[in-house]
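# Architecture and fold: a report
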Amino acid sequence: MNFRVWNIYKAWRQKIWLRVVAIACLAVLSVILAQLLAPFVPVLVAFKAGAEAVSQILEILASSMLAVTTFSLSIAVTGFGTAAATATPRATALLQEDTTTQNVLATFIGAFLFSLLGLIALNAKLFSDSGKVVLYLFTVAVVLLVVIALIRWIGHLMSFGRMDYTLNKVETAAREALSARLATPYLGGRAFAGEVPAGSIEVPAPATGYIEHVDMPALQALAEELKGDVYVSEVPGSFVVERGAVAYLRVGSVSDEELERVQAAFAIGTQRVFDDDPRFGLIVFSEIASRALSPAVNDPGTAISVLGRLVRVLTGWNNRASLEPEFQSVHVSVIAPSEAIEDAFRPIARDGAGIVEVQVRLQKALAALRQSVPDAFDKPCSDLAEYALDLARGAGLPSAEVALLRKLAERGKGQASGVADM
């Protein structure tokens, strides 16, 4: 996707005002169509349809939709606050982008705008009796949309803001981001092991913040112009400081304008986002588990649920290093399996060290990943299993429970035992 288009898409996507504007445009269009279609409605039909009834319906719709919209918005805000308090504030962004919530609220606001515009047009005497019939039909259609939205909203409220709903949203976001990255492990470029060629020119970051996106086509185009290579040292999710290196150029010489073009290829924001940053989803999962394991919450069941979801996300891991690169002159570092395992499980191992039920499930989760994706996760999971054992011993668990954990860790080295228990 073109970088400028991507920035516009990122800024506008999941914005409720887009839906509201779209429905408002439909309301204006309906008023115009009512005028255009009026000549095709016989006067007798207009008389029998009760053309004056549309005004009363629009008044009811306008008054009720304003109240329903205000009430629904307060419910949504309460759901955001509940998710932030019970899960993690980082998960609220996913709830704010919830499609069902935004569609319902936009439908309510749009219905209010439609009724308001209809009343204005009626009071301005813009409609004949035939035109009022057409407006009446549009009004009936809007009422049906509102009824459908209310039914969806009632069903949605049964789960919106609850822990399971938040976990499902985080799991979906993490899985999609990880799948996208694994499909193009080097963002479509070549592998970069971290060794910068001698004589390369450092490209400083234009701002301090988190990298959200890298415009690979722009970097490839510049590399071809300069007849050189670009080495991307910081990928989406990395925190960079102004004037710190984000990339390196292996070229003979480069102008200030060309350096600025490289800098412009990096979108830097104030916080991490889920889209191009699969590690962020794993970190959010571990934050939710850590909060659940805190003494104030004391909810090991949520931490155990998170472990199962992490296994589901990470079992999709695959090694695609043999893919033919699309951007031949751009070299990008890859997410190491050890980084993913540490992001996902290390906080849980630390904060759940004194809870044997969590430690048992943690060892089973690590064993499941070692059995499912041995090429990537055998050593990282083995190292983390030993780390978790050390923490369990230090937390004062009885020797019998430590022995059980040791048995589970050893069993995970060569067998699939315990995977079915997840």
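Further up the page is the structure itself.
Since we're looking at a predicted model, the values are computed, not measured. The residue numbering used here restarts from 1 in each chain and proceeds along that chain's sequence as written. In keeping with the model being predicted, local features are shown solely for residues with a pLDDT of at least 70 and side-chain atom pairs are shown and tallied solely at 80 or more, while totals for entire chains, interfaces and linings include all residues. Only hydrogens and water are set aside when side-chain values are computed; all heavy atoms of the structure are taken into account.

### A look at the sheet that holds strand E7 (residues 266-269)
In a beta sheet, neighbouring strands are held together by backbone hydrogen bonds and run either parallel or antiparallel to one another. Our working rule: Pairing between strands requires that DSSP locate at least two bridges from one strand to the other. A run of H or I in DSSP becomes a helix once it reaches four residues, and a run of E becomes a strand once it reaches two; helices and strands are each numbered from the N terminus.
Strand order in the open sheet formed by three strands is E5-E3-E7, and the pairing between neighbours is antiparallel. Bordering the open sheet on either side are strand E5 (239-240) and E7, each of which pairs with just one other strand.

### Re the packing of aromatic side chains
Put simply, the rule is: Aromatic rings from Phe, Tyr and Trp, taking only the six-membered ring of Trp, are treated as a pair when their centres fall within 6.5 Å; an angle between ring planes under 30 degrees marks them as stacked, one over 60 as edge-to-face, and anything in between as tilted. The rule is simple: take the accessible area with a 1.4 Å probe, protein chains only, and divide by the maximum for that residue type; under 20% is buried, over 50% is exposed, in between is partly exposed.
Inspection of every chain in the model, using the stated rule, returns seven aromatic pairs. Aromatic pair Phe192 and Tyr231: ring centres 5.4 Å apart, planes at 65°, arrangement edge-to-face. Of this pair, Phe192 sits in the loop between strand E1 (190-191) and strand E2 (201-204) while Tyr231 sits in strand E4 (residues 229-232), and the two are 39 residues apart along the sequence. Tyr231 carries the same exposure label as Phe192, and that label is buried. Seen from their ring centres, Tyr210 and Phe239 are 5.1 Å apart, and the 65° between their planes marks the pair as edge-to-face.

### Remarks on the packing of helix H6 (residues 99-123) against helix H7 (residues 129-157)
Angle between the axes and distance between the axes are the two parameters that describe a pair of packed helices. Just so we agree on the cut-off: Axis definition: a line fitted to C-alpha atoms, limited for helices to the stretch in contact. Angles are taken between N-to-C directions and run from 0 to 180 degrees. Working rule for angles: under 35 degrees goes down as roughly parallel, over 145 as roughly antiparallel, 65 to 115 as roughly perpendicular, anything else as oblique. When the near helix sits turned anticlockwise from the far one by under a right angle, the crossing is termed left-handed; a clockwise turn instead gives a right-handed crossing. Note on definitions: a residue-residue contact is assigned when non-hydrogen atoms from the two residues lie within 4.5 Å. Ten residues, namely Ala, Val, Leu, Ile, Met, Phe, Trp, Tyr, Cys and Pro, are considered nonpolar, four, namely Asp, Glu, Lys and Arg, are considered charged, and the remaining ones, Gly among them, are considered polar.
In contact at an axis separation of 9 Å, H6 and H7 are set at 155° when each is read in the N-to-C sense. In terms of their interaxial angle, H6 and H7 are classed as roughly antiparallel. As H6 runs across H7, the sense of the crossing is left-handed. For the pair H6 and H7, contact is made by Thr100, Thr101, Val104, Thr107, Phe108, Ala111, Phe114, Gly118 and Leu122 and by Lys132, Leu135, Phe138, Thr139, Val142, Leu145, Val146, Ala149, Leu150, Arg152, Trp153 and His156, respectively. A breakdown of the residues in the contact of H6 with H7 according to their chemical character gives 13 nonpolar, six polar and two charged.

### As for the pattern of salt bridges
What counts is decided by this rule: We define a salt bridge as a contact between a side-chain nitrogen of Lys or Arg and a carboxyl oxygen of Asp or Glu at a distance within 4 Å.
Under the defined criterion, the tally for this structure stands at 18 salt bridges. Asp277 is the salt-bridge partner of Arg272, the closest N and O atoms lying 2.7 Å from each other. The residue Arg279 makes a salt bridge to Asp343 at a minimum N-O spacing of 2.5 Å. Here Arg279 is found in helix H11 (residues 278-293), whereas its partner Asp343 is found in helix H13 (residues 337-351), with 64 residues between them in sequence. For Asp343, a relative accessible area of 12% translates into the label buried.

### Some points on the sheet that holds E2
Taken in spatial order, the five strands of this open sheet run E1-E8-E4-E6-E2, and their pairing is mixed. Only two strands of the sheet have a single neighbouring strand rather than two, namely E1 and E2. Sitting on the sheet, helix H9 (residues 216-226) touches E4 and strand E8 (330-332), and the angle it makes with E8 is about 135°. Docked against the sheet, helix H10 (residues 256-264) engages E2 and strand E6 (245-250), running at close to 55° with respect to E2.

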